[in-house]
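# Per-entry structural report
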Amino acid sequence: METMIDSRMMMTDFLTALFDKLDVAGVAVMSKLPSGEKTAFTLFTGKDDIKECVPFFPAMPANAARAVSKFTRQAVPSKTVAVFLRPCELRAFTELIKIKQASFDNLLILSYDCSGVFPFQEINLSDETKLNAYRDAVSTGKNCEGIRPVCAACTRFTPQGEDIAISFVGRSTDQPLVFSFPSEKGLAAAEQLGLDVSNTVAASSAVESLAQERRSAEEELTAEVDASLSDTQGLVNVFDRCVSCHACSYVCPICYCKNCYFDSQTFEYFPESYFIRMQAKGALRFPVDRVLFHLGRLSHMGVSCVACGMCEDVCPVNIPVSQIFKTAGSKAQALFDYIPGENYDEPLPLLAYAEQELEEFED
Amino acid sequence: MRESKPKIGVYVCHCGTNISGKVDVEAVSEYASALPHVAIAKNFKFMCSSPGQQLVIDDIRKNDLNRVVVASCSPRMHEKTFRTACQAAGINPYYFQMACIREHDSWVTEDPEAATQKAKDLVRGSVARVAHHQQLTSRVVDINPNVLVIGGGISGMQAALDIADGGKKVYLVERDPSIGGNMSKFDKTFPTLDCAACISTPKLVAVGQHENIEMMTYSEVADVSGFVGNFTVKIRKKPRYVDADKCTGCGVCTEKCPSKVLSEFDHDLTKRKAIFTPFPQSVPNTPVIDTENCLFFKKGKCRACEKFCEAGAIDFEQKEEIVEINVGSIIIATGFETFDPTPLTQYGFGRYPEVYTSIQFERINNATGPTSGKIVTKDGKKPESVAIIHCVGSRDQNYMKYCSRVCCMYSMKFAHLVREKTGAEVYEFYIDIRSPGKGYEEFYNRLQEEGTHFIRGKVSQITDMVDSPEDEGKLMVVAEDTLARKVRRIPVDMVVLSVGLKPAAGIEDIARMVGISVDSDGWINELHPKLGPLATPSDGIFIAGCCQGPKDIPDSVAQGQGAAGAALSLISRGKLEIEAAVSAIDPERCMGCRQCEEVCVYGAISYHPALNICEVNEAICKGCGNCAATCPNKAIDLKHFNNDELLAEMEGLMFGPADFHHGTDEQAA
Ligand SMILES: Cc1cc2nc3c(=O)[nH]c(=O)nc-3n(C[C@H](O)[C@H](O)[C@H](O)COP(=O)(O)OP(=O)(O)OC[C@H]3O[C@@H](n4cnc5c(N)ncnc54)[C@H](O)[C@@H]3O)c2cc1C
Ligand code: SF4
Ligand code: SF4
Ligand code: SF4
Ligand code: SF4
Ligand code: SF4
């Protein structure tokens, strides 16, 4: 574990310093929307509106990896941009790098141990009671009541691959920020920011107690999903209220396709097909191919699913999409010994050729 | 989407009784006639015959058919035949689909009723699919008339000479300092016992002098890219440290070199110098410096060769060179190497000085070998008895499961030579004698008449623990004589191990570079064991000689000539039609993630940085579909196997036709 230091800086000082001392081209961070109650991931190019930033507001209006991919995909920013990513967003970003949809060149990545977020619909800037409960949960290292089920069961809530890590869990949010610098880039930034690295701070035991709580929540969640999907009928039961809006794939950070296959002409069948199928099955429910869509998305994205919860957040009919993807995904990942978002050098399992693999499925 | 309203003709083939013996062809064609869009359905004795093809052509013309399904054998047999027929009748050849009701059905189904049902299902799938077929046109590219031959053994030399005589340019790449291969180590060749040098040396010289052959010895293929008709090959020329243009081949350098090491060409029976040519008749006769043993390279001192070379040909500054050549076709003739019997400790190879491998024994028999052709033991004595042990490493579950084909014959050749040169008793220990070939069985009979002892049985041990004092110094060969049913212990002065053949080291690298495969024993896989023995699944890549499997010189030469013929026939066409069923990437959908590039084993996909998309080189693409299956965007369309076609076929296979919705003409259009 990297040494943690007390920066003696509050968040606004830090953001200002990013512009003043690091001369960043911009800071990408969550901020308040002018309309009042909600937040959005925003790219600031100057420090004037910094007071609008709420980096740790417990909502995920979009998986930020998707946003950062947009401005790094085809060309690298010519000057450093500082980006705040939650651990799951950083994992998604790492997956996007592997499929050449993002680059971390000239980015300064800031991340933190994450206490989870509320469903987007259920948290507003003015929800003082909820936010106070959340602050308490952060400082004591507990799951706050009301956060999304995948967050409550997220065991990878400390970041991997960031340049600067901010430590929250077990600390009070109105104290100066506690940093560590896991990368060379991060260390160089610390120096430029003029931080005194001798002000070390001890790690908080709350991190481990939160981890424990999360592990048991994860076990429960897995068992629940396993039970509900134990057979084909289970699959149908879970997905049969799906309205085929495909919103889950639109917000998924790693569903990067320009035109989703399931929105393509292939699924606009020739009229007689409907009758052929109907005749074979006795009935045909519309829209067709709902389970197929989810199986398709699982097979395309299951090994890379970083369990960020976005899909579930947007589902208009409350299908536990993310809980299913997290559970099924980790099984697929385990088959290939693959951990999504851990290391951008690691090839995707389907692209890695291994002379011997999956032998348990032979014959 | 369909391109036009389908009007389908279905033809069910009897294939003599191959299909009609199991499948009720009448019932299948009748069933087909009621399927959606089917205008005509017939059955016929032999669809592939001229009248069969004519039937299709006439029906297309008379009835304006625009799609054809033939239910018969595998598309590998006759897809081309029927595509051509469709084309002759004026419809696009890709408006054709074949249902395989022989290999996939009549040949493998017991119950006639089930076979008939399966034939109906397969036909239904094909009918559903063909309605979605799209017109495709193939492209034509120029063929580069030059040929590359890899390996300068007898088969490679023969191929090079035939092509060069045909007036085309050949590059002959050989990794040893001289061409010649294994044959140049032999003295006599079975079964005629003609002198190996007398028949191979003129070939070496002819190759060296041919104006159409550019020899690249001491060189290896580093990279192959491109496709049939247009290969770009990088050749790594190792430095000889001798300027071939200046060197006169006088050999003074070799004479003066003070550093001696075991000779590879003599298989460790003699020593050579650090600057050397492998054998006196080497082509080219320019020596090479082996830097591992050259005193100057090792210690920085010596340069004796340089001092004595009057031509001033020694050049210690030479560097490895990469030369790029362009060819239209490649022949692989990398041959074999012999099995090393050291792991078979019961034979005592490496432990007893008088145990030799067969290839060493060839050298002993050779006039330029360690004993100038005399058969004598290491201490110079004429042997009184010699044992020859067959199948060493071959037909052995632990080493090479296969029969190496030439060992029985060369073992008998040795027996003859030993008897002729020394009069010694010869004992051949064999499992079976395999002598198929013209004059081979006769050679075996001759050997038996000459008094060679043939003992059927596997040798269990060779030991220097002799039974009686007068045999002291001899080796005991212990074997169970399976015909006499007793254990024999025979004292001999020399033992020859007839070691098997295995693929030349590095064959997998060559195979990988040209996109072909090797079998579980490491030999190159030919395209078809009977119908394509010299071709490979990679167009324009041919094989000859022992790289495909053990064989004798007549077969190797025949294959060399055959491969030359195949290459000449390809390049003489000048132009080449390229298969139209290849992949294409939709630039509008591609996100440039480059996963397709990663999975294309043929290297057909390249990334276009400016557009941030990938592109398929149609001439290289084999239509394998790896990329199409990988692309999550489904930006890749594998023509003739696109999603519409495959889904339609699957749906056709799984479900019967809809009873009351066949689609209207407008929808179909
Ligand atoms: C002991 C023994 C005795 C035999 N006696 C007889 C006989 O009497 N009569 C008979 O008909 N047959 C005989 N044979 C069989 C005969 O040797 C073969 O049929 C013949 O040599 C095959 O020729 P080839 O050109 O295919 O291979 P090779 O002779 O092996 O030639 C292959 C050439 O390719 C070169 N090469 C290999 N890899 C590469 C590479 N990667 N790049 C460039 N060059 C490469 C090698 O250096 C070699 O020069 C005998 C075999 C053995 C082992
Ligand atoms: S899943 Fe939830 S808890 Fe885990 S890192 Fe993402 S937002 Fe935080
Ligand atoms: S968001 Fe929900 S309703 Fe929409 S496609 Fe996904 S699972 Fe179905
Ligand atoms: S599938 Fe759902 S949980 Fe998984 S990465 Fe995509 S949006 Fe996040
Ligand atoms: S896999 Fe698909 S999206 Fe990715 S580069 Fe290839 S064609 Fe483009
Ligand atoms: S189909 Fe795709 S993967 Fe296969 S050879 Fe063609 S480009 Fe390569």
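For the structure, check the block above.
For the structure given in this document, a descriptive report is provided here. Given the structure is predicted, the values throughout are model-derived calculations rather than measurements.

### Focus: the state of the cysteines
Residues and elements named next belong to chain B. The full count for this structure, using the stated rule, is 1 disulfide over all chains. Disulfide partner of Cys195: Cys198, at an S-S distance of 2.2 Å. For the disulfide bridge between Cys195 and Cys198, the dihedral angle about the S-S bond is near 90°, and by the sign convention the bridge is right-handed. We classify Cys198 as exposed; its relative accessible area is 52%. Left without a disulfide partner, Cys302 is nearest to the cysteine sulfur of Cys257, which lies 6.2 Å away. Residue classification places Cys302 among the partly exposed residues on the basis of a relative accessible area of 31%.

### Some details on the pattern of salt bridges
Oppositely charged side chains can pair when the atoms bearing their charge come close. Summed over the entire model, instances satisfying the criterion amount to 40 salt bridges over all chains. Between Asp289 of chain A and Arg277 of chain A there is a salt bridge, and its shortest N-O distance comes to 3.3 Å. Linking Asp289 of chain A in the loop between α10 (271-281) and α11 (290-301) with Arg277 of chain A in helix α10, this pair joins segments that are 12 residues apart in sequence. When sorted by exposure, Asp289 of chain A lands in the same class as Arg277 of chain A, which is buried. When the shortest N-O distance is used, the salt bridge between Glu362 of chain B and Lys413 of chain B registers 2.7 Å. You can see Glu362 of chain B sitting in helix α11 (residues 358-365) and its partner Lys413 of chain B sitting in helix α12 (residues 407-422), a full 51 residues away along the chain.

### A few points about the packing of α11 of chain A against helix α13 (residues 321-335) of chain A
Residue and element names in this part refer to chain A. Running from N to C, α11 and α13 cross one another at 45°; their axes reach a closest spacing of 11 Å. Comparing the axis directions of α11 and α13 gives the class oblique. When the axes of α11 and α13 are compared, the crossing they make is right-handed. Contacts from His294, Arg297 and Leu298 of α11 reach α13 at Val321, Phe325 and Ala328. Within the contact of α11 with α13, the residues separate by chemical class into 4 nonpolar, 1 polar and 1 charged.

### Here we look at helix α2 (residues 50-63) of chain B
Residues and elements named next belong to chain B. Counted at 1.5 Å a residue, the expected span for α2 with its 14 residues is 20 Å, and the 20 Å between its end C-alpha atoms agrees. Of all the residues in α2, the buried ones are Gly52, Val56, Ile57, Asp59 and Ile60. Along the axis of α2, the buried positions cluster into a sector of 160°, meaning they face one direction only. Exposed residues pointing more than 90 degrees away from the buried face of α2 are listed as Ser50 and Lys62. The inward-facing, buried residues of α2 abut β1 (8-13), β2 (38-44), β3 (67-72) and α3 (75-88). Trailing α2 by a residue or two, Asp64 shows a phi angle of about 55°, which is positive.

### So, the sheet that holds strand β2 (residues 26-32) of chain A
All names here are of chain A. With respect to topology, 8 strands assemble into an open sheet ordered β3-β2-β4-β5-β6-β7-β1-β8, the strand pairing being mixed. Single-partner strands in this sheet number two, and they are β3 (39-44) and β8 (200-201). Relative to strand β6 (residues 164-167), strand β5 (residues 107-112) is paired through 3 bridges, and the arrangement is parallel. Considered in β6, the bridge of Leu110 is made with Ile164. Running at roughly 140° to β5, helix α3 (residues 87-98) makes contact with β4 (81-84) and β5 of the sheet.

### Points about the sheet that holds strand β12 (residues 230-237) of chain B
Residue and element names in this part refer to chain B. Taken in spatial order, the 3 strands make up an open sheet running β11-β12-β17, and their pairing is antiparallel. Looking at which strands have only one partner, the edges of the open sheet turn out to be β11 (219-227) and β17 (321-327). Adjacent strand axes in the sheet meet at a mean angle of 20°, parallel and antiparallel pairs treated alike. Pairing between β12 and β17: 7 bridges, direction antiparallel. Bridging across to β17, Val233 finds its partner in Ile325.

### Some words on the site of ligand 3
Around ligand 3, the structure places 13 residues, and the nearest of them are Cys242, Cys245, His246, Cys248 and Cys315 of chain A. Taken together, the residues of the shell around ligand 3 break down into 11 nonpolar, 2 polar and no charged.

### Considerations on a nonpolar patch on the surface
A contiguous nonpolar surface patch, about 520 Å² in accessible area, is contributed by Phe641, Leu646, Leu647, Met650, Leu653 and Met654 of chain B. Along the chain, Leu647 of chain B turns up in helix α18 (residues 643-654).

### Topic: the site of ligand 1
Residue and element names in this part refer to chain B. Around ligand 1, the surrounding shell holds 36 residues, and the nearest of these are Ser155, Glu174, Lys413, Lys551 and Ile553. In the model, a nitrogen atom of ligand 1 is placed 3.2 Å from a nitrogen or oxygen of the Arg175 main chain. Cys546 is positioned with one of its backbone polar atoms (N or O) 2.8 Å from an oxygen atom of ligand 1. Burial of ligand 1 by the protein chains amounts to 97% of its free accessible area of 1000 Å².

### What about the packing of aromatic side chains?
With the rule as written, the count across this model stands at 28 aromatic pairs over all chains. Judged by centre distance (6.3 Å) and plane angle (65°), the rings of Phe56 of chain A and Phe84 of chain A are edge-to-face. Remark: Phe84 of chain A occurs in strand β4 and Phe56 of chain A occurs in the loop between β3 and α2 (64-72); sequence separation between them is 28 residues. Phe84 of chain A sits in the buried class, given a relative accessible area of 4%. For the ring pair Phe104 of chain A and Tyr344 of chain A, a centre distance of 4.6 Å and an interplane angle of 55° mean the geometry is tilted. Here Phe104 of chain A, found in the loop between α3 and β5, pairs with Tyr344 of chain A, found in the segment after α13; they are 240 residues apart in sequence, far enough to count as distant. Through pairs of rings, three or more aromatic residues link up here, namely Tyr261, Phe262, Phe267, Tyr269, Tyr274, Phe286 and Phe293 of chain A. Here Arg214 of chain A stacks its cationic end above the ring of Phe157 of chain A, 4.9 Å away from the centre of that ring. Directly above the aromatic system of Phe296 of chain B lies the positively charged group of Arg303 of chain B, at a separation of 4.3 Å from the ring centroid.

### A look at the interface of chain A and chain B
Opposite the 28 residues of chain A that make contact, chain B presents 34 residues. Summed over both partners, the interface of chain A with chain B buries about 2800 Å², with 59% contributed by carbon and sulfur atoms. Contact with chain B buries surface across chain A, with Lys258, Phe270 and Leu351 of chain A losing the most and accounting together for 21% of the total. At the junction of chain A with chain B, the criterion picks out 1 salt bridge. The partner of Glu651 of chain B in a salt bridge is Arg277 of chain A, and the shortest N-O contact between them spans 3.3 Å. The interface formed by chain A and chain B contains 10 residue pairs in polar contact (both at pLDDT 80 or more). Here the side of chain A that touches chain B takes 9 residues from α10 of chain A, the largest share from any one element. Residues that form the side of chain A that touches chain B fall into these classes: 14 nonpolar, 9 polar and 5 charged.

Quick notes on the rules
- Residues numbered from 1 in each chain as written.
- Chains lettered and ligands numbered in written order.
- Predicted model: local features only at pLDDT ≥ 70, side-chain atom pairs only at ≥ 80, totals over all residues.
- Heavy atoms only, no water.
- Disulfide = S-S within 2.5 Å.
- Buried < 20%, exposed > 50% of the residue type's maximum accessible area, 1.4 Å probe, protein only.
- Salt bridge = Lys/Arg side-chain N within 4 Å of Asp/Glu carboxyl O.
- Helix = DSSP H or I, 4+ residues; strand = E, 2+ residues; numbered from the N terminus.
- Axes fitted to C-alpha atoms, helices over the stretch in contact; angles between N-to-C directions.
- Parallel < 35°, antiparallel > 145°, perpendicular 65-115°, else oblique.
- Left-handed = near helix turned anticlockwise from the far one by under 90°.
- Contact = heavy atoms within 4.5 Å.
- Nonpolar A, V, L, I, M, F, W, Y, C, P; charged D, E, K, R; others polar.
- Expected span 1.5 Å × (residues − 1).
- Arc of directions from axis to C-beta.
- Pairing = 2+ DSSP bridges.
- Near = heavy atom within 4 Å.
- Patch = residues over 30% accessible without salt bridge, like charges linked within 9 Å, V, L, I, M, F, W, Y side chains within 5 Å.
- Areas by Shrake-Rupley, 256 points an atom, 1.4 Å probe, with all protein chains shown as cover.
- Polar contact = N/O pair within 3.5 Å; in protein donor to acceptor, adjacent residues only side chain to side chain.
- Phe/Tyr/Trp six-rings, centres within 6.5 Å; stacked < 30°, edge-to-face > 60°.
- Lys NZ or Arg CZ within 6 Å of the ring centre and 35° of its normal.
- Buried area = accessible area lost by both parts, 1.4 Å probe.

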